[in-house]
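Working through the structure, step by step
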Amino acid sequence: MPAHPASGLCTALLAVLMLSACATRPVNPPVAHVTDDKIYSFERKGQNAAQAKTLVALAFSGGGTRAAAFSYGVLETLNQTEFIGTNGKQSRMIDHVDVISGVSGGSFTALAYGLYGDKLFDEYERRFLKRNVQGELVGRSLNPMNWGYLSSSGWGRSELAADLYDEILFDGATFADLDKKDGPVIAVSATDLATGSRIMFTQSNFDALCTDLGDFRLSRAAAASSAVPVVLSPLTINNYGGSCGKKMPLWFTPFINTANPPRPAARTLERIHELNGLMNGGDPYLHLVDGGISDNLGLRSGVEVFNWMEALREAGHTTPLDHVDQIIVIVVNSMSLPKNNWNKSEDPPGTIPILIKAAGVPIDRYSSEQIEHLRDIEARWNTMRSLRDLPAIKRIKPKDSNNALNAIRNVPHAKIYVINVSFAGVPDANERDYLNELPTSFVLSDEAVDRLRVAAGDALMNSPDFQQLISDAHIRVIPRTSTPHGVQRYPAETSAPGS
């Protein structure tokens, strides 16, 4: 009796699925040794002496395509905005950016700009922002050809996502490719599911894991940073910590075993203990999920560096950033606050809305606290410098000093500017309402993408902190004059007060 045609199809399909089930996840290899004197830089390559005195950092928050487009709008504005310094030279603002951190949706913009530089402005919309990435991910997950892969050990939906990100955006590039570029340092992060620790895709963090970052694909870093729990699977990497002789950088060590470290250092010790735990050997695998769980603004590393810098200076030590006169931190925060009418009804909302809100509120509140913490550091340093310069303080001899006076005398001299770019800074109330209703997803309409890009430039240029920076630096800004819609945004030229 001849076989039914469908049976042949089923047999072929089963064979394909069995073959694909042999797939294995990419394994990051170990390194045998990490030198003690290895130097990690926070600053852009190829700077001159004048540029090295100013450290400019951008922090791109999470929030899916909403975050990717909003952070891209800031890059566009910095790219098309030039300024004339006190030396009369004209340059683009974007060429002065030293480091870009990115989380979740913001990690795509950070990594893509680090890889492509100016070329990104010709391609990013088509290749990523105005593409239904979410639909393509769902389609691949439902494709029977991928079911075998998805059932393989350590190979889940996030690896499938990473392959898609390579096809549409990263072209298989690795961190070694990124390191060859002359642009800003790029630092994106994910969260270790087991401990909640922040895992940075930087060589300093990967040295703690005794593994090389160079061969790690950018697409996998973006996939890990945006792996929303349950929706996407954790992305697994190997941990070889303790096998390569890696030790803490010398500038971390003064307070690790101190019973009563200075308060700024005490705030950072938790992170030091996390890194020590990795370096001393532990679990052989790390399962990485969305970086927004541990740091949705990409700000924590910066706050830790500033706290440690203050503590070292207070104790009379030098720091790697003592040569810096200005630190400019532009926080690109795409957090949305959609309206609801829950409190107009006696009945509470359903289970799903409650779960979504319960997951988001702690992250949003903590993000706001991070910005205020950074502003607190800015205010504290300004106050301490004012006290340091008082004649009465100067007259006190070192032998009559105490810890409080030492902290005042040794306060870092770098002035910090914290510039918060968020929907709240968009001047038009109707536009703010529109932006706050945009979902956290990886698909938005072309119109939404364009309006986010425009809003980012508006929020940056209208920021009082940004205007204060322009005034203090005595520079003249020549901004771009058109938006993606061809709408006039700013006058042809604006000058800082008193310049």
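Residues numbered from 1 in each chain as written. Predicted model: local features only at pLDDT ≥ 70, side-chain atom pairs only at ≥ 80, totals over all residues. Heavy atoms only, no water.

Description of the overall build of the protein
Stated precisely, the cut-off is as follows: In this description a helix means any DSSP run of H or I spanning at least four residues, a strand means any run of E spanning at least two, and both kinds are numbered starting from the N terminus. The cut-offs for exposure are 20% and 50% of the maximum accessible area for each residue type, with area from a 1.4 Å probe on protein chains only; residues under the lower value are buried, those over the upper are exposed, and the others partly exposed. By definition in these notes, contact holds between two residues if any of their heavy atoms fall within 4.5 Å. To measure how exposed things are, a 1.4 Å probe is used in the Shrake-Rupley method; for residues, cover is taken only from the protein chains shown.
The number of helices and strands found in the protein is 20 helices and 12 strands. Counting only residues that meet the buried cut, the protein has 51% of its 499 residues in that class. Residue pairs in contact within the protein that sit at least 24 positions apart in sequence constitute 79% of those at least 6 positions apart. Surface summary for the protein: the accessible area is close to 23,100 Å², and the carbon and sulfur share equals 56%.

What to know about the pattern of salt bridges
Stated formally: Whenever a carboxyl oxygen of Asp or Glu lies within 4 Å of a side-chain nitrogen of Lys or Arg, that contact is scored as a salt bridge.
The final tally for this structure, using the stated rule, is 27 salt bridges. For R271, the salt bridge is made with E274, and the minimal N-O distance between the two is 2.9 Å. Note that R271 and E274 are positioned in helix α12 (residues 263-279) at a spacing of three residues, about one turn of the helix. Across this residue pair, the class does not change: R271 and E274 are buried. The shortest N-O distance in the salt bridge between D450 and R453 comes to 2.6 Å. Pair noted here: D450 and R453 are both in helix α19 (residues 446-461), with a separation of three residues, about one helical turn. Since its relative accessible area comes to 12%, D450 is described here as buried.

Observations concerning the side chain of E378
As a reminder of what qualifies: Within this scheme the basic residues Lys and Arg register as positive and the acidic residues Asp and Glu register as negative, but His and the chain ends are omitted.
Positionally, E378 belongs in helix α15 (residues 351-388). For the buried residue E378, which engages in no salt bridge, the nearest side chain bearing the opposite charge is R375, 4.6 Å off. Beyond its immediate stretch of four places on either side in the chain, E378 contacts I416, Y417 and V418.

A closer look at the environment of A407
By the element assignment, A407 lies in helix α17 (residues 403-409). For the pair A407 and L312, spaced 95 residues apart in sequence, the C-alpha to C-alpha distance is 9.7 Å.

Some words on the packing of helix α5 (residues 120-129) against helix α8 (residues 157-170)
The condition that has to hold: Convention adopted: a line fitted to C-alpha atoms gives each axis, helices being fitted over their contacting stretch, and angles between N-to-C directions are expressed from 0 to 180 degrees. Any angle from 65 to 115 degrees is called roughly perpendicular, while one under 35 is roughly parallel, one over 145 is roughly antiparallel, and all others are oblique. Residue type decides the class: Asp, Glu, Lys and Arg count as charged, Ala, Val, Leu, Ile, Met, Phe, Trp, Tyr, Cys and Pro as nonpolar, and the leftover types, Gly among them, as polar.
It is at 9 Å that the axes of α5 and α8 come closest, and there the two elements cross at 150 degrees. With respect to α8, the axis of α5 lies roughly antiparallel. Side by side, α5 and α8 meet where Y124, R127 and F128 of the first sit next to I168, L169 and F170 of the second. Within the contact of α5 with α8, the residues separate by chemical class into five nonpolar, no polar and one charged.

Notes on the nonpolar core
Selection rule: Take the buried Ala, Val, Leu, Ile, Met, Phe, Trp, Tyr and Cys residues and link them wherever side-chain atoms come within 4.5 Å; each set so joined is a nonpolar core.
Among the nonpolar cores identified, the biggest contains 95 residues, and L111, Y124, F128, F170 and F201 are the most heavily contacted of them. In terms of residue count, the dominant contributor to this core is α19 (eight residues). Excluding anything up to four places from it in sequence, F170 contacts F108, L111, A112, L115, Y116, R127, Y165, L218, S219 and A222. With 23 residues, the next largest nonpolar core counts L55, V305, I327 and V331 among its residues.

Describing the packing of aromatic side chains
Heads up, the condition is: In this scheme Phe, Tyr and Trp rings, the latter by its six-membered ring, pair at centre separations within 6.5 Å, and the angle between planes marks the pair as stacked below 30 degrees, edge-to-face above 60, and tilted otherwise.
What the rule picks out here adds up to 15 aromatic pairs. Look at F108 and F128: their rings are 4.7 Å apart centre to centre, the planes differ by 20 degrees, and that puts the pair in the stacked class. Of this pair, F108 sits in helix α4 (residues 105-116) while F128 sits in helix α5; the two residues are 20 residues apart in sequence, bridging distant segments of the chain. Side by side, F108 and F128 carry an identical accessibility label, which is buried. Here F128 and F442 contribute two aromatic rings whose centre-to-centre distance is 6.3 Å and whose plane-to-plane angle is 70 degrees, an arrangement assigned as edge-to-face. Here F442 lies in the loop between α18 (429-436) and α19 and F128 lies in helix α5, a separation of 314 residues in the sequence.

Notes on helix α11 (residues 218-225)
Along an α-helix, a turn takes 3.6 residues, which lines up residues three or four apart on a common side. Burial runs high along α11: eight of the eight residues are buried. Of the positions making up α11, those classed as buried are L218, S219, R220, A221, A222, A223, A224 and S225.

Observations concerning the pairing of strand β4 (residues 99-103)
Rules: Strand pairing is defined by DSSP finding a minimum of two bridges between the two strands.
Across the five residues of β4, five count as buried, placing the element largely inside the fold. In β4, alternate side chains face the same way, and those of V99, S101 and V103 on one face and I100 and G102 on the other are all buried. Examined bridge by bridge, strand β1 (residues 54-60) and β4 share four bridges and lie parallel to one another. Each bridged residue has a counterpart across the sheet, and for A59 the counterpart in β4 is S101.

A word on helix α20 (residues 464-473)
Within α20, the full set of buried residues consists of F466, L469, I470 and S471. H474 sits one or two positions beyond α20 and adopts a positive phi of about 55 degrees.

Regarding the confidence of the model for the protein
What counts, and what does not: pLDDT expresses how confident the predictor is about each individual residue, on a scale running from 0 to 100.
Per-residue confidence for the protein gives a mean pLDDT of 84, with 83% of residues at or over 70. Counting interchain partners and residues more than four positions distant, the pLDDT-below-50 stretch residues 485-499 has 37 contacts.

Some remarks on unusual backbone geometry
Phi is positive for S104, which is not a glycine, with a value near 55 degrees. Following the sequence through the fold, S104 ends up in the loop between β4 and α4. By relative accessible area, which is 6% here, S104 ends up buried. The phi dihedral of C210 is positive, around 55 degrees, even though this residue is not glycine. Summarising the element assignment, C210 is placed in the loop between α10 (203-208) and α11.

Concerning the pairing of strand β9 (residues 326-333)
Side chains on a regular strand alternate between the two faces of the sheet. By the criterion of burial, β9 is predominantly enclosed, with seven of the eight residues buried. Bridge analysis of β1 against β9 gives seven bridges, and the strand direction is parallel. Bridging from a neighbouring strand, L58 pairs with I330 of β9. Across eight bridges, β9 lies against strand β10 (residues 415-422) in parallel orientation.

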